[in-house]
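Chain by chain, the residues:
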Amino acid sequence: MRNGRMVGGRLTLTGLNDEEREAVGQFLGQAIGSTHTIKLADLDRQLWESAAGTGLLGVVEAIVGLVPDRRADASAETARRAWLRDQANAALVAAGLSNCPWTSEWLDHLWRHGLPARLPSEEVRRIISQATTTLGLTVGEHGRTWSRGELAQVVTGSAHGLDDDSPLTRLVLRGLALALTGASDYPLGAAERRGLWDAAGVTSDTVATTVLTYGLRPLGDDWLRFRADAGAETHLTLREIRRLAPLRLAPQTVYVCENPRVLEAAADAGAAAAIVCTMGNPTTVSIALLDAVMESPDVRLLYHGDFDWPGIAIADRIMRRYNAEPWQLMAADYRRAVAQATERGTPRQPLSGRARETPWDPALSGAMAQTATAIHEEAVIESLLGDLSRTR
């Protein structure tokens with residue numbers, strides 16, 4: 001009952017036959033026609049005063065079963081959902097994610113799509129706690145690289161706890177999509193889901209994917225130094241990076257780019273600079289190498305990527321994680337690149353996707369939004385080579 005199991009309102013009886021009119025009239029103590037309206041409060045009082053010895057609610061429940069108190073039930077459900085949201089917020093704090101702007105949208109989506117309604121309270125609390133822990137261990141401030149089985153074992157106690165299509169995995173992937181790309185839609189394709197895991201530093205094995213490097217000369221590692229001295233690029237697997245640990249580098253600047261054409265051009269020009277190429281959104285192995293590089297004291301990391309919204313998201317992630325500096329990635333650099341593209345008659349590439357802030361230079365995001373033009377890294381290779389092309 002919506003009114004909290006309180007008897008009120010009116011009941012209209014229609015189409016009564018003679019026998020029914022007589023029975024109702026005898027109970028009410030008055031003559032009635034084929035249609036008659038009864039105040040339910042009066043009916044309730046008469047039932048209490050009759051041989052029934054109970055009110056209208058008692059009679060109805062004796063016939064059809066318990067009448068729910070919808071007002072009380074709704075109040076209890078509201079309180080339950082509020083408690084679960086408090087528990088979810090506490091889990092975000094415990095995972096070190098409370099200051100991440102995407103987490104509110106993530107929880108709002110879960111609540112809007114009925115997660116608290118579908119599962120018992122303890123199950124909701126458990127799966128939210130595990131999801132926030134997983135996100136904290138990957139895209140949180142102290143995230144690191146994992147194999148998926150290893151991460152699942154730590155979070156759930158089972159190496160299969162993050163298998164594809166499990167409820168926990170779906171929650172985590174939706175959070176990763178928001179954190180890494182700003183997309184609120186669940187990644188439908190298997191390749192897209194693998195890409196999100198990779199971007200979060202989670203891989204299925206340690207040898208299938210590589211990171212592209214050039215000019216890295218770790219102290220004490222003759223193999224990498226030989227390839228760097230020969231001007232050869234090197235693909236490193238996660239297994240090889242772990243074998244190199246601890247990776248010790250002399251004080252230097254390491255340049256990080258998004259597109260392999262930048263590294264290729266640097267190699268062709270005989271650059272002496274050390275370069276790491278993420279080849280798009282950093283994968284597990286890219287993150288592992290950059291983690292290892294930054295363990296060396298006095299290493300300065302400079303980053304350049306595409307002037308588009310996904311590229312800005314990658315740049316922000318790299319700069320936040322490693323305290324990296326922008327490399328020709330300021331508003332002035334963007335405006336100059338747009339002007340050069342216009343002068344060359346290069347077809348304009350429109351910006352797409354969700355706009356991003358650029359904390360290292362707030363004017364950059366404003367200039368991009370105003371110009372609405374994407375400039376990819378290949379278009380500014382000549383300018384980048386000015387920093388990279390020093391003879392060995």
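Because the structure is a prediction, the values reported are computed rather than measured.

The rules behind each value
- Residues numbered from 1 in each chain as written.
- Predicted model: local features only at pLDDT ≥ 70, side-chain atom pairs only at ≥ 80, totals over all residues.
- Heavy atoms only, no water.
- Helix = DSSP H or I, 4+ residues; strand = E, 2+ residues; numbered from the N terminus.
- Buried < 20%, exposed > 50% of the residue type's maximum accessible area, 1.4 Å probe, protein only.
- Contact = heavy atoms within 4.5 Å.
- Areas by Shrake-Rupley, 256 points an atom, 1.4 Å probe, with all protein chains shown as cover.
- Pairing = 2+ DSSP bridges.
- Axes fitted to C-alpha atoms, helices over the stretch in contact; angles between N-to-C directions.
- Core = buried A, V, L, I, M, F, W, Y, C linked by side-chain atoms within 4.5 Å.
- Phe/Tyr/Trp six-rings, centres within 6.5 Å; stacked < 30°, edge-to-face > 60°.
- Lys NZ or Arg CZ within 6 Å of the ring centre and 35° of its normal.
- Expected span 1.5 Å × (residues − 1).
- Polar contact = N/O pair within 3.5 Å; in protein donor to acceptor, adjacent residues only side chain to side chain.
- Salt bridge = Lys/Arg side-chain N within 4 Å of Asp/Glu carboxyl O.
- pLDDT = per-residue confidence, 0-100.

A. Examining the overall build of the protein more closely. For the protein, the count of helices and strands is 18 helices and 12 strands. Expressed as a percentage of the 392 residues in the protein, the buried residues total 46%. For the protein, restricting intrachain contacts to residue pairs at least 6 apart in sequence, the fraction spanning at least 24 positions comes to 66%. If you sum the accessible surface of the protein, you get close to 19800 Å²; carbon and sulfur atoms cover 51% of it.

B. Focus on the sheet that holds strand S6 (residues 233–237). The mixed open sheet is built from 6 strands, whose spatial order is S6-S5-S8-S7-S9-S10. Of all the strands in the sheet, the pair left with one neighbour each is S6 and strand S10 (325–326). In terms of strand pairing, strand S5 (residues 210–214) meets strand S8 (residues 274–277) through 3 bridges, oriented antiparallel. Bridge assignment links Tyr214 to a residue of S8, and that residue is Ile275. Its contacts with the sheet place helix H15 (residues 309–322) against strand S9 (299–303) and S10, and it is angled at close to 165° to S9.

C. Just the environment of Leu351, in detail. Tracing the sequence through the fold places Leu351 in the loop between strand S11 (349–350) and helix H17 (362–371). C-alpha separation for the pair Leu351 and Asp308, spaced 43 residues apart in sequence, amounts to 6.0 Å. Discounting residues that sit within four places of it in the chain, Leu351 has contacts with Phe307, Asp308, Trp309, Met368, Ala369, Ala372, Thr373 and Ala374.

D. How the structure looks around the nonpolar core. Leu289 and Leu388 are the most contacted members of the largest nonpolar core, which totals 65 residues. For Leu388, the residues in contact, after removing those within four places along its chain, are Tyr255, Val262, Ala266, Ala271, Ala272, Ala273, Ile275 and Trp327. Judged by nonpolar contacts, the second largest core, of 37 residues, contains Val124, Ala131, Leu151 and Leu162.

E. Here's a closer look at the packing of aromatic side chains. With the rule as written, the count across this model stands at 3 aromatic pairs. Arranged with centres 6.4 Å apart and planes meeting at 65°, the rings of Trp102 and Trp106 form a pair that is edge-to-face. Here Trp102 pairs with Trp106, and both are found in helix H5 (residues 102–112), just 4 residues apart, close to one helical turn. Of the two residues examined, Trp102 and Trp106, each falls in the buried class. Seen from their ring centres, Phe307 and Tyr334 are 5.3 Å apart, and the 55° between their planes marks the pair as tilted. With Phe307 in the loop between S9 and H15 and Tyr334 in helix H16 (residues 331–344), this pair connects stretches of sequence that are 27 residues apart. The class for Phe307 is buried, based on a relative accessible area of 1%. Tyr334 sits in the buried class, given a relative accessible area of 0%. Here the basic side chain of Arg85 rests over the ring of Trp111, its NZ or CZ set 5.5 Å away from the ring centre.

F. Expanded view of H15. The end-to-end C-alpha distance of H15, which contains 14 residues, comes to 20 Å, matching closely the 20 Å that a straight helix rising 1.5 Å per residue would cover. Burial analysis of H15 places 11 of its 14 residues in the buried class, which makes it a mostly covered element. Those residues of H15 not exposed but buried are Trp309, Gly311, Ile312, Ala313, Ile314, Ala315, Asp316, Arg317, Ile318, Met319 and Tyr322. On its buried face, H15 sits against helix H9 (167–181), helix H10 (190–199), helix H14 (284–293), S9, S10 and H17. Capping of H15 at its N-terminal end is provided by Asp308; its side-chain oxygen lies 2.7 Å from the backbone amide nitrogen of Gly311. Of the residues flanking the end of H15, it is Asn323, one or two places downstream, whose phi is positive at about 55°.

G. Focus on the pattern of salt bridges. Applying the stated rule across the entire model yields 11 salt bridges. Its salt-bridge partner being Asp108, residue Arg85 comes within 2.8 Å of it at the nearest N-O pair. Here Asp108 lies in helix H5 and Arg85 lies in helix H4 (residues 70–94), a separation of 23 residues in the sequence. A relative accessible area of 32% means that Asp108 is categorised as partly exposed. Among the salt bridges present, the one from Arg300 reaches Glu325, with a minimum N-O distance of 3.0 Å. One end of the pair, Arg300, is in strand S9; the other, Glu325, is in strand S10, with 25 residues separating them in the sequence. What makes Glu325 partly exposed here is its relative accessible area of 32%.

H. View of the confidence of the model for the protein. Summarising the model, the protein shows a mean pLDDT of 86, and 88% of its residues fall at 70 or more. Within the protein, no element has a lower average pLDDT than helix H3 (residues 56–64), which sits at 61, and none a higher one than S10, at 98.

I. The arrangement of the side chain of Ser286 in detail. If you trace the backbone, Ser286 turns up in helix H14. Look at Ser286 and you get buried, because its relative accessible area is 1%. Excluding its chain neighbours within four sequence positions, the residues that come into contact with Ser286 are Val211 and Thr278.

J. A look at the environment of Ala232. Take Ala232: it is sitting in the loop between helix H11 (222–229) and S6. Ala232 gets classed as partly exposed once you look at its relative accessible area, which sits at 21%. Measuring from C-alpha to C-alpha, the distance between Ala232 and Tyr214 comes to 6.7 Å, with 18 residues separating the pair along the chain. If we skip the residues at most four places from it in the chain, Ala232 touches Tyr214 and Arg227.

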